[in-house]
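Notes for the structure review
Here are the chains, one letter per residue:
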Amino acid sequence: MSEQFLRLGVPKGSLQDATLKLFAKAGWKIKLHNRNYFPDIDDDRIKCSLARAQEMSMYVENGTFDVGLTGMDWIKENKSDVVIVDDLIYSKVSNRKARWVLCVKGDSPYKRPEDLEGKKVATELMGFTKEYFASQNINVDVSFSWGTTEAKVVEDLCDAIVEITETGTTIRANGLRIIAELMQTNTQLIANKDAWEDPKKRKLITEINMLLQGALKAEKMVGLKMNLPKEKLADLNGSLPSLNSPTVAELQDPNWLSVEIMVEEMVVRDLIPRLVEFGAEGIIEYPLNKVI
């Protein structure tokens, strides 16, 4: 390895807490310090630094970091030449992709992007927004927004905004209306090209990705363990959901079996009553940290 450690960029801001939680489930504890951009991590092979998601891909591209997490939107905005290792669909709100949307005031006459010809649009995602309108042959004045972008259109400082949303709740709460979706985005694990070509660093990056993906998969699943009359197993087995097939073990009482399954959490409320109908007892539900 060209260095003794892997330089990991952790996104500062809205994704920070969700990222720390994900790494904890994957097996790494990252500890922040007040007024310090260099968190501790319980792995001597890794050194951590905080950076804004908006700048992360630039730092990974220039070699400041070997690997980092940021949105596909900022990779496109910065036109960064990095290795996209894998998707990491997670956030502080929900495990789904966020959207960059074009919004206007609720009582605005504008209903389509074309209606904004010659108008003012504010956004933090300037480069992409300019390219979008240019590709549609729509002439607009795009200006950079330093924050509270929704307020700018409400206060008539611009005619429309391009803003990121997951649920649309904040947009609706500000009395705005979405007239177009410009891009979907989600978090990416990205790597510096030189680091990716280093066999030892690439191996560690791949291991990190595997465990992060395992933690994400486990968030939607739980384990169920129960005792089941042996005579009921054949009747139940065909309809019993599981990742592969149930784990079945003999008990001291030859008439009973211990059965263990992993299932999506959303089916548990319907599944447990069915299990009870089949004679299952001692049903235990437990969370999972990783599913690999």
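Calculation rules
- All residue numbers here refer to positions counted from 1 along the written sequence of the relevant chain.
- In view of the model being predicted, local features appear only for residues whose pLDDT reaches at least 70, and side-chain atom pairs are presented and counted only at 80 or more, with totals across whole chains, interfaces and linings using the full set of residues.
- Remark: hydrogens and water are excluded; side-chain values derive from all non-hydrogen atoms of the structure.
- Numbering of helices and strands runs from the N terminus; a helix is a DSSP stretch of H or I covering at least four residues, while a strand is a stretch of E covering at least two.
- Every radius of gyration here is taken over C-alpha atoms, with the globule rule written as 2.2 Å times N^0.38, N being the number of residues.
- For the exposure calls, accessible area comes from a 1.4 Å probe over protein chains only, and a residue counts as buried if that area is under 20% of its type's maximum, exposed if over 50%, partly exposed in between.
- Whether two residues are in contact is decided by their heavy atoms: any pair within 4.5 Å suffices.
- Using a 1.4 Å probe, the Shrake-Rupley method yields the accessible areas, and only the shown protein chains count as cover for residues.
- In this tally, Asp and Glu contribute negative charge and Lys and Arg positive charge; neither His nor the terminal groups of the chain are included.
- We put the charge of a Lys on NZ, of an Arg on CZ, of an Asp on CG and of a Glu on CD.
- Only when DSSP finds a minimum of two bridges between them are two strands counted as paired.
- Structural elements are reduced to axes, namely lines fitted to C-alpha atoms, with helices fitted over the stretch in contact, and the angle between N-to-C directions of any two is expressed from 0 to 180 degrees.
- Working definition: a ring pair exists when centres of Phe, Tyr or Trp rings (six-membered ring for Trp) sit within 6.5 Å. Plane angles under 30 degrees give stacked, over 60 give edge-to-face, the rest tilted.
- Two conditions define a charge sitting above a ring: the NZ of Lys or the CZ of Arg must be within 6 Å of the ring centre, and it must be within 35 degrees of the ring normal.
- Side-chain atoms within 4.5 Å are what join buried Ala, Val, Leu, Ile, Met, Phe, Trp, Tyr and Cys residues into a set we call a nonpolar core.
- Salt bridges are counted wherever a side-chain nitrogen of Lys or Arg sits within 4 Å of a carboxyl oxygen of Asp or Glu.
- Each domain's extent is set by a domain assignment, obtained either automatically or from a database.
- Whenever a nitrogen or oxygen atom comes within 3.5 Å of another N or O atom, the pair is scored as a polar contact, on the condition that within protein one atom can donate a hydrogen and the other can accept it, and that pairs from neighbouring residues in sequence are kept only if both atoms are in side chains.
- Three classes are used, and their members are as follows: Ala, Val, Leu, Ile, Met, Phe, Trp, Tyr, Cys and Pro are nonpolar, Asp, Glu, Lys and Arg are charged, and the others, Gly among them, are polar.

Focus: the overall build of the protein chain
When its secondary structure is counted, the protein chain shows 10 helices and 16 strands. At 25 Å, the protein chain has a C-alpha radius of gyration far larger than the 19 Å of a compact globule built from 292 residues. Principal-axis analysis of the C-alpha atoms places the extent of the protein chain at approximately 80 × 55 × 35 Å. The 292 residues of the protein chain split such that 46% are buried. Sequence-distant contacts in the protein chain: of pairs separated by 6 or more residues, those separated by 24 or more amount to 69%. With the model as given, the accessible surface of the protein chain reaches about 15700 Å², and the carbon-plus-sulfur share is 48%. Here the protein chain contributes 38 positive and 44 negative side-chain charges, whose respective centroids are spaced 2 Å apart.

Digging into the sheet that holds strand β15 (residues 256-264)
Reading across from one edge, β14-β15-β13-β16 is the order of the four strands in this open sheet, with antiparallel pairing throughout. Either end of the sheet is taken by a strand with one partner, and the two such strands are β14 (247-250) and β16 (281-287). For this sheet the average axis-to-axis angle between neighbouring strands, irrespective of direction, equals 15°. Bridge count between strand β13 (residues 221-229) and β15: nine bridges; the pairing is antiparallel. Across the sheet, residue Leu 224 finds its bridge partner in β15, namely Ile 261.

Details of the pairing of β15
With four bridges joining them, β14 and β15 adopt antiparallel strand pairing. For Thr 247, the partnering residue across the bridge sits in β15 and is Glu 260.

Topic: the environment of Leu 204
Topologically, Leu 204 is positioned in helix α8 (residues 199-218). You can call Leu 204 buried: its relative accessible area is 5%. Residues within four places of Leu 204 in sequence aside, it is in contact with Leu 6, Arg 45 and Ile 46.

Comments concerning the packing of aromatic side chains
Following the criterion strictly, the structure yields five aromatic pairs and no others. Relative to Phe 133, the ring of Tyr 132 has its centre 5.3 Å away and its plane inclined at 80°; by these criteria the two rings are edge-to-face. Here Phe 133 falls in the buried class, since its relative accessible area comes to 1%. Residue placement shows Lys 47 over the ring face of Phe 5; its charged tip is 5.7 Å from the ring centre.

Thoughts on the sheet that holds strand β5 (residues 67-71)
Reading across from one edge, β4-β1-β5-β12-β6 is the order of the five strands in this open sheet, with mixed pairing throughout. Single-partner strands in this sheet number two, and they are β4 (46-52) and β6 (83-88). Strand-to-strand twist of the sheet, defined as the mean angle between neighbouring strand axes without regard to direction, takes the value 30°. With respect to the sheet, helix α1 (residues 16-26) is in contact with β1 (6-12), β4 and β5, its orientation differing from that of β1 by roughly 135°.

Some thoughts on the nonpolar core
With 30 residues, the main nonpolar core has Leu 8, Phe 23, Ile 46, Tyr 90 and Ile 208 as its most contacted residues. For this core, the secondary-structure elements that each account for two or more residues are β1, α1, β4, β5, β6, β12 (187-191) and α8. Not counting the four nearest positions on each side in its chain, Ile 46 is found in contact with Phe 5, Leu 6, Leu 8, Trp 28, Ile 41, Leu 204 and Ile 208. Within the second largest apolar cluster, 21 residues are counted, among which are Trp 74, Val 104, Val 121 and Phe 133.

So, the pattern of salt bridges
This structure, assessed with the given rule, holds 13 salt bridges. Residues Glu 181 and Arg 99 are paired through a salt bridge, measuring 3.5 Å at the closest nitrogen-oxygen approach. In this pair, Glu 181 sits in strand β11 (residues 176-185) while Arg 99 sits in strand β7 (residues 98-105), placing the two residues 82 residues apart along the sequence. Judged by its relative accessible area of 40%, Glu 181 falls in the partly exposed class. Assessed through its relative accessible area of 22%, Arg 99 is described here as partly exposed.

Some remarks on the domain arrangement of the protein chain
Domains assigned within the protein chain are domain 1 (6-92 + 187-218), domain 2 (98-185) and domain 3 (220-287). In this structure, domain 1 and domain 2 have C-alpha centres spaced 29 Å apart. At the junction of the two partners, domain 1 supplies 10 residues and domain 2 supplies 11 residues. Across the salt bridge formed by Glu 131 and Lys 79, the nearest N and O atoms sit 2.6 Å from each other. The interface formed by domain 1 and domain 2 holds eight residue pairs in polar contact (both at pLDDT 80 or more) in total. Looking at the side of domain 1 that touches domain 2 residue by residue, the classes come out as two nonpolar, three polar and five charged.

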